[in-house]
Amino acid sequence: LTALGFAAAAFFYDRYSASEETPPVAPVASSLVRFHSPVIGTANAPVTIVEFFDPSCEACRAFYPTVKGIVAKYPKDVRLVMRYLPLHPGSAEAIVILEAARVQGKLEPVTAALLEAQQERIRCQAEWRSARLRLLASAGVLGREAIAGR
């Protein structure tokens, strides 16, 4: 009798419970894409590659031709959205250059040029930093020990 009562209670509970199954939440298509993000390719492409991009990053430089190749191979189906992630020295300045190029409609060639000249830019930045420290030390702003520690 107890089993029959339990079965009836379970039947009515399942049948008349007010719990509705929660529909799955659709992912927001623009959760990684911002209105200000540079886009290379067709804006309404069904596939979006989001690259967190640092113009002074060697891995980004190595990866860029692959991504550009994918966008070139599937121009109607794939777009590249670049999210700037300035982690390396000189990245902020390079991003300013990229944004100026984007406003002028020249983002792709300037990105390629910046990445091609990346090693030279990094070397020059290191030389400039060293020269700047020597200048400050000679002016008495920094002591010689500050330069040795840097």
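Note: the structure precedes this text.
Below: a short report on this structure. (Residues numbered from 1 in each chain as written. Predicted model: local features only at pLDDT ≥ 70, side-chain atom pairs only at ≥ 80, totals over all residues. Heavy atoms only, no water.)

### Digging into the pairing of strand S3 (residues 78–84)
Then comes step 1: Most of S3 is tucked away, with six of its seven residues classed as buried.
Then comes step 2: Examined bridge by bridge, strand S1 (residues 39–41) and S3 share three bridges and lie antiparallel to one another. Looking across to S3, one finds that Val-39 is bridged to Val-81.
Then comes step 3: Note: strand S2 (residues 47–53) against S3, seven bridges, orientation parallel. In the sheet register, Phe-52 faces S3, and the bridge partner there is Arg-83. (Buried < 20%, exposed > 50% of the residue type's maximum accessible area, 1.4 Å probe, protein only. Helix = DSSP H or I, 4+ residues; strand = E, 2+ residues; numbered from the N terminus. Pairing = 2+ DSSP bridges.)

### A look at the nonpolar core
Then comes step 1: Residues Ile-40, Phe-53, Tyr-64, Leu-80 and Met-82 are the most contacted members of the largest nonpolar core, which totals 15 residues.
Then comes step 2: Taken together, the elements giving at least two residues each to this core come down to helix H2 (58–73), S3, helix H3 (91–103) and helix H4 (107–116).
Then comes step 3: In terms of residue count, the dominant contributor to this core is H2 (four residues).
Then comes step 4: Here Phe-53 is in contact with Cys-60, Tyr-64, Met-82, Arg-83, Tyr-84, Leu-85, Leu-98, Thr-111 and Leu-115, once residues within four sequence places are set aside. (Core = buried A, V, L, I, M, F, W, Y, C linked by side-chain atoms within 4.5 Å. Contact = heavy atoms within 4.5 Å.)

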